[in-house]
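So you can see what is in the structure, the chains are spelled out below.
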Amino acid sequence: MNSPSQSNNSGFSHLVALIGGFGIATWAARESLAESKKSRAELDRPEEAEEAFEEISEILDGWEPVDCETEGEYTHDLADYLTANTEFEIEICPTTEAGCPDILINDLIALELKVSPNKNERNRCIGQCAHYSRLWITWMVMIDLKPSKAGRLEEVLKDKGLEHILVWNFT
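Keep in mind that this is a model prediction, so the values were computed, not measured.

Visitor: So what's going on with the overall build of the chain? Which residues, and what values?
Guide: Per the secondary structure count, the chain includes 6 helices and 5 strands. Secondary structure elements in the chain, listed N-terminal to C-terminal, are α-α-α-α-β-β-β-α-β-α-β. Burial analysis of the chain (171 residues in total) assigns 35% to the buried set. Taking contacts inside the chain between residues at least 6 apart in sequence as the whole, the part at least 24 apart equals 63%.

Visitor: Tell me about the pairing of strand S5 (residues 166–170), and please be specific about residues and values.
Guide: Pairing of strand S4 (residues 137–143) with S5 involves 5 bridges; the strand directions are parallel. Bridge assignment links tryptophan 139 to a residue of S5, and that residue is leucine 166. Regarding the hand of the β-α-β motif, the stretch spanning S4, helix H6 (residues 147–159) and S5 is right-handed.

Visitor: Can you break down the packing of helix H3 (residues 46–62) against helix H4 (residues 71–85) residue by residue, with the values?
Guide: Their axes nearest at 10 Å, the elements H3 and H4 cross at an angle of 125 degrees. Accordingly, the angle class assigned to the pair H3 and H4 is oblique. Pair H3 / H4 crosses with right-handed handedness. Mapping the contact onto sequence places Glu55, Ile56, Ile59, Leu60 and Gly62 in H3 and Leu78, Tyr81, Leu82 and Asn85 in H4. Residue composition of the contact of H3 with H4, by class: 6 nonpolar, 2 polar and 1 charged.

Visitor: Requested: an account of the nonpolar core, with residues and values cited.
Guide: Membership of the largest hydrophobic core comes to 26 residues, with the highest contact counts inside it found for Trp63, Leu78, Leu82, Ile105, Ile109, Leu111 and Val141. When residues of this core are traced back to their parent elements, those giving at least two are H3, H4, strand S2 (103–105), strand S3 (109–115), S4 and S5. Of the residues forming this core, the biggest block, 5 residues, is contributed by H3. Once you skip the residues sitting within four places of it in the chain, isoleucine 109 turns out to touch Ala52, Phe53, Ile56, Ile103, Leu104, Trp136, Ile137 and Trp139. Listed in part, the 12 residues of the second largest apolar core include Cys129, Met140, Met142 and Ala150.

Visitor: Tell me about the sheet that holds strand S1 (residues 90–92), and name the residues and values.
Guide: If you walk across this open sheet you meet the 5 strands as S1-S2-S3-S4-S5, and the pairing is mixed. Each end of this open sheet is capped by a strand with a single partner; those strands are S1 and S5. On average, each strand axis in the sheet is inclined to that of its neighbour by 20 degrees, with strand direction left out of account. Pairing geometry for S3 and S4, over 7 bridges, is parallel.

Visitor: Kindly report on the environment of tryptophan 168, identifying the contributing residues and their values.
Guide: Relative to the helices and strands, tryptophan 168 resides in strand S5. Judged by its relative accessible area of 14%, tryptophan 168 is buried. A sequence separation of 57 residues divides tryptophan 168 from leucine 111, and the C-alpha atoms of the two residues are 9.8 Å apart.

Visitor: Before we move on, could you go through the packing of aromatic side chains and cite the residues and values that matter?
Guide: Tallying each qualifying case throughout the model produces 4 aromatic pairs. Between the aromatic rings of phenylalanine 53 and tryptophan 139, the centroid separation amounts to 5.3 Å while the plane-to-plane angle is 80 degrees, which identifies the pairing as edge-to-face. Taken together, the residues phenylalanine 53 in helix H3 and tryptophan 139 in strand S4 connect sequence positions 86 residues apart. The exposure class of phenylalanine 53 is partly exposed, given its relative accessible area of 30%. Joined through ring pairs, the aromatic side chains of Phe53, Trp139 and Trp168 make up one cluster.

So, how was this worked out
- Residues numbered from 1 in each chain as written.
- Predicted model: local features only at pLDDT ≥ 70, side-chain atom pairs only at ≥ 80, totals over all residues.
- Heavy atoms only, no water.
- Helix = DSSP H or I, 4+ residues; strand = E, 2+ residues; numbered from the N terminus.
- Buried < 20%, exposed > 50% of the residue type's maximum accessible area, 1.4 Å probe, protein only.
- Contact = heavy atoms within 4.5 Å.
- Pairing = 2+ DSSP bridges.
- Right-handed = clockwise from strand over helix to strand, strands pointing away.
- Axes fitted to C-alpha atoms, helices over the stretch in contact; angles between N-to-C directions.
- Parallel < 35°, antiparallel > 145°, perpendicular 65-115°, else oblique.
- Left-handed = near helix turned anticlockwise from the far one by under 90°.
- Nonpolar A, V, L, I, M, F, W, Y, C, P; charged D, E, K, R; others polar.
- Core = buried A, V, L, I, M, F, W, Y, C linked by side-chain atoms within 4.5 Å.
- Phe/Tyr/Trp six-rings, centres within 6.5 Å; stacked < 30°, edge-to-face > 60°.

Here is the structure:
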């Protein structure tokens, strides 16, 4: 016959096993979800995608937009800046199966650029980027967007499960 202390230890070990199993299942579910959010570029070319992510994010951090007037002028300014600072291929407005991102970097990263976008333009941008993110790492480049609106844009992306789409805001 088991003593009360052996019975309690047995119950405790079952509880630990149950909690441990739940923790492992939760971790596996999160990993599966993270994997499902990866773009085709990240799945097919993971090393290149990681290298491009790191290099282009550093370059983008250093971009200081010149005083342009239109979205097209800003797009060309950014594309010129990227071309001057990386060996990756830079395409402006390529026509693809997922649409026409403003800038496509080495068939790995899509950039969608908006200048002072209103709410409708931001919502449209979310839809565009959601499509792009199936194929490429996708970033929104916002020019002259108030920080509070940029924060709300990031919250909307997170609420929609699109937190892997980064927002770069240049004010």
